[in-house]
Each structure stands twice: as structure tokens, then as C-alpha cells.
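Results of the structural survey
Residues per chain are reported as follows:
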Amino acid sequence: GKGEYDHFMLKEINEQPTSLAQALEGRIDPLNGRIALSDFEPGTFDGVDSVQFIACGTSYHAALYGSLALNQAGVHSTALLANEYSVSAPPIDDDTLVIAVTQSGETADTLNALRRAAAEGARTLTVTNVVGSTAAREADDTLFIRAGPEIGVAATKTFSSQAVMLTLLGQRIADDSRGEPPADLESLLPALESMPGKIDDLLEYSTAEAIADRYSRSEAYFFIGRGLGFPVALEGALKFKEITYEHAEGFASGELKHGPLALVTPETPVFAIFTGQEDEKTLKNAEEAQTRGAPVVAVCPDGHPAVEVADEHLRIPDTDPDLAGLVANVQLQLVSYHAADLLDRPIDKPRNLAKSVTVE
Ligand code: M6R
């Protein structure tokens, strides 16, 4: 049941310290500076020279996160919408690994793309929450995210666990594919280990409810981020529109001036996500929106230069840039939740949507 919570979504947001700790249990060894994914020993991905991620919706945002992290680690990779795959799949060869990311393991679009990739000779791997699901059974390999059952239609704890497991898996792939461990493994492992505790604290000090209260009658809501903050901007907007029924969009920070800025007014709050990757540029982009009257909500650590500039601050802990976007996402989940609650929406079962989309 929902226990002390009014909605499953809020319960599942609050479960993230536990679900992440569960995902990581026995899979990292920070003392020895190594990844301990038992089904993926060193050498598993020897010979892989490119990776294609396929997924839909929130899982696509996790996939994009994983793909950008893999590119940063020096491995060619792309994230593709599974429903676009049959018309726009990049070429596949023997050295291509295709990774399906699907919480349920039953999404028809993702299964179709997975089958197509396998038929073309790709090696396949599924990252999922559901043991025994179709995608888990059909892929060559499987990585379970161990988030526990997610009841709310809006994916929350499964997103964070998917993104974290993809970050870890990406490090193993990069290590095998390039023959050397990625440079940032040493800082990543302790950061992963401390992530559940930092999210636990964030859930206590979050001021997301007050921010939702102040802005929940706006005309539209924009989310901007760069690098690993970009998929988080997309996810922030998807969650917001899905449960509030309000217009929300996510953009790469630098794209704002290439069109979307025309939409920006004093009635359109802009949530700017700072991950430590070229933050000064994102701050400049946010200021361009502020100049047009938009309230800017900076999602960043205390003491960050954006705090001084922005109208509002949603605090996140200091952490590794590989993970900062994911803790920022927890603040955005809470903003969406509280905005939807104030607007009296049926949060756990938004209109027109299903938890698992088993039709094409
Ligand atoms: O089960 P899957 O991860 O394959 O589902 C994919 C999407 O339908 C899903 O992530 C959807 O976008 C979420 N309900 C959004 O919160």
C-alpha cells in the first residue's frame, strides 16, 4: 500500500535512497576502485565498438543519459527512440551492442526494436526492473535495476535506478572496449556510494513544495540543462506534463536562443539544471530568459554562482558531475508532484496513460 503517503508517486520518490542502495548492493567496490557487476566480468564487452540504446518515454531519457555518459567515456554511442527505430536505425555490425532500456520489459515499441536489432545480428542487452519480462527473456544479457515494484504511472525510482545502472555499465563497457578504465572511475565509485544518503538529505530539505505553490498557475514550464543535464531537462518536462496536464518542455540550454526563447514570458518559469558541466554557459542562457521576465529556478548546490542570479533556488548536494543531474531530477520530481497535487490531478493514474504500453 501507500502507507503514510497520499500517492504512490510520492512514496516511490521517497523510496529512492533505498532503491538506489539496492541497485548498487554488491555491484561496486569503492575500496578497491572497481566495478563488481557479477554477470559482466572484465572482458565481457571486448570488441564492442559502438552502442545503440533503444527506449521510450522516461526510459529513453535514462538511455540518453547513459549514452551521453558513454560518449564522454570515449565509446561511440547513440540513444534512439524505440518507436523510430524501424525507420531510422543506424547501421548495425558484429561489433554493435544494442541495449534496450525498459522498466516493465513489456513495451511493444521497445520489444520490436530489440527484435529488429537481434535479427540484424547485434548483440543485445536489456536493462529492466522486471525479472522474467519479455525483454529480459529475449536479450542475450540482462541487467536488473532492482527498484522494486513501481505502481505510479509516472516513472520515478525506476528512472534513477536505470540511469545509475547505465552509468555503471557504461564504465565497464568503456573499460573493455578501450582497454583502459575511464579516467573518472576513481571519483565516481565513492560518489555512487554516497548518493543514497545525499538523496535522503535532499528529501528532507527540499523546498519544492513552496516553489510549486508559487508557480503552479503559470502558462508553461520550461526546463533547461546541458550535457548530462539535458536528458534531465527532458525528463523534468515529461514528468511535469504527464501529471499536471500543463504545458512543459525541456531544452538543451544552448538551444533556447535558437527558437524557444520566443515562448518565454513572465508567465513561464524556467528551471535551470546545473551539473558542473559548462555551468557558466547555462547560467548565461538562464539569464537570457530572465531578461524576458521569466522567473528562473536554479537547481544547483549551495554557494553556486547561479544562486545569486536566480529568482529561486532548489538545492542539490555537491556530487560528481556524472550524478549531479540525477539528484537534481529528484527535486524536479517533487516540483511536478506538488504542482499536480495543488491542481488536484489524479497523480497516480493520469488520464489517457497506462503504466505499460503494450501496443505499437
Ligand atoms: O516500461 P518502459 O520503461 O519501457 O516504459 C516506457 C514509457 O512508456 C514510460 O517510461 C513512460 O514514459 C513513463 N510512464 C513516464 O513517466
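This section reports on the structure supplied with the text. (Residues numbered from 1 in each chain as written. Predicted model: local features only at pLDDT ≥ 70, side-chain atom pairs only at ≥ 80, totals over all residues. Heavy atoms only, no water.)

Moving on, we come to the environment of Lys-2. Mapped onto the elements, Lys-2 comes out in the segment before α1 (8-14). Here the alpha-carbon distance between Lys-2 and Glu-12, two residues 10 residues apart in the chain, equals 9.2 Å. Other than its neighbours up to four places away in sequence, Lys-2 contacts His-7, Phe-8, Lys-11 and Asp-348. (Helix = DSSP H or I, 4+ residues; strand = E, 2+ residues; numbered from the N terminus. Contact = heavy atoms within 4.5 Å.)

Time to look at the sheet that holds strand β4 (residues 76-81). The sheet built from 5 strands is open, its strands ordered β4-β3-β5-β6-β7 with parallel pairing. The open sheet has two free edges, formed respectively by β4 and β7 (141-144), since each of these has just one partner strand. In this sheet, neighbouring strand axes are inclined to one another by 20 degrees on average, regardless of whether the strands run parallel or antiparallel. In this structure, strand β6 (residues 123-128) lies alongside β7, joined through 4 bridges in parallel fashion. Paired with Thr-126 across the two strands is Thr-142, which belongs to β7. (Pairing = 2+ DSSP bridges. Axes fitted to C-alpha atoms, helices over the stretch in contact; angles between N-to-C directions.)

In the neighbourhood of the ligand, 13 residues make up the surrounding shell, with Ser-59, Thr-102, Gln-103, Ser-104 and Thr-107 lying closest. Here an oxygen atom of the ligand sits 2.7 Å away from a polar atom, N or O, in the side chain of Ser-104. Val-153 is positioned such that a nitrogen or oxygen atom in its backbone is 2.8 Å from a nitrogen atom of the ligand. In isolation the ligand has 410 Å² of accessible area, and contact with the protein removes 91% of it. (Near = heavy atom within 4 Å. Polar contact = N/O pair within 3.5 Å; in protein donor to acceptor, adjacent residues only side chain to side chain. Areas by Shrake-Rupley, 256 points an atom, 1.4 Å probe, with all protein chains shown as cover.)

Once that is clear, we can look at the packing of helix α7 (residues 157-178) against helix α13 (residues 321-342). At their nearest, the axes of α7 and α13 sit 10 Å apart, and the two run at 175 degrees to each other. Accordingly, the angle class assigned to the pair α7 and α13 is roughly antiparallel. Of α13, the residues touching α7 (which contributes Phe-159, Ala-163, Val-164 and Gln-171) are Asp-322, Leu-326 and Asn-329. (Parallel < 35°, antiparallel > 145°, perpendicular 65-115°, else oblique.)

Let's shift gears to the packing of aromatic side chains. To describe a pair of aromatic rings, one takes the distance between the centres and the angle between the planes. What the rule picks out here adds up to 5 aromatic pairs. Ring geometry for Phe-40 versus Phe-45: centroids 5.7 Å apart, planes at 15 degrees, classification stacked. Judged by relative accessible area, Phe-40 falls into the buried class, the value being 1%. Pairing Phe-223 with Phe-240 gives two aromatic rings, centres 6.1 Å apart and planes at 55 degrees, and the pair type is tilted. Placement of the pair is Phe-223 in strand β8 (residues 221-225) and Phe-240 in helix α10 (residues 229-244), with a sequence separation of 17 residues. Of the two residues examined, Phe-223 and Phe-240, each falls in the buried class. One Lys or Arg, Arg-315, reaches over the ring of Tyr-205 and ends 3.9 Å from the middle of that ring. One cation-aromatic arrangement involves Arg-351 over Tyr-245; the distance from NZ or CZ to the ring centre is 3.8 Å. (Phe/Tyr/Trp six-rings, centres within 6.5 Å; stacked < 30°, edge-to-face > 60°. Buried < 20%, exposed > 50% of the residue type's maximum accessible area, 1.4 Å probe, protein only. Lys NZ or Arg CZ within 6 Å of the ring centre and 35° of its normal.)

This brings us to the sheet that holds β8. Pairing is parallel in the open sheet, where 5 strands are placed in the order β9-β8-β10-β11-β12. Both outer strands of the open sheet, β9 (248-252) and β12 (312-315), are each paired with one neighbouring strand and no more. On average, each strand axis in the sheet is tilted by 20 degrees relative to the strand beside it, whichever way the strands run. α13 rests against β8, β10 (270-273), β11 (296-300) and β12 of the sheet, and its axis sits at about 160 degrees to β10.

Quick look at the side chain of Asn-129 now. By secondary structure assignment, the location of Asn-129 is in the loop between β6 and α6 (134-138). Within polar-contact distance, the side chain of Asn-129 engages the backbone nitrogen of Ala-147 at 2.9 Å. When residues no more than four places from it in sequence are discounted, the contact partners of Asn-129 are Thr-102, Gln-103, Ile-145, Arg-146, Ala-147, Gly-148 and Thr-158.

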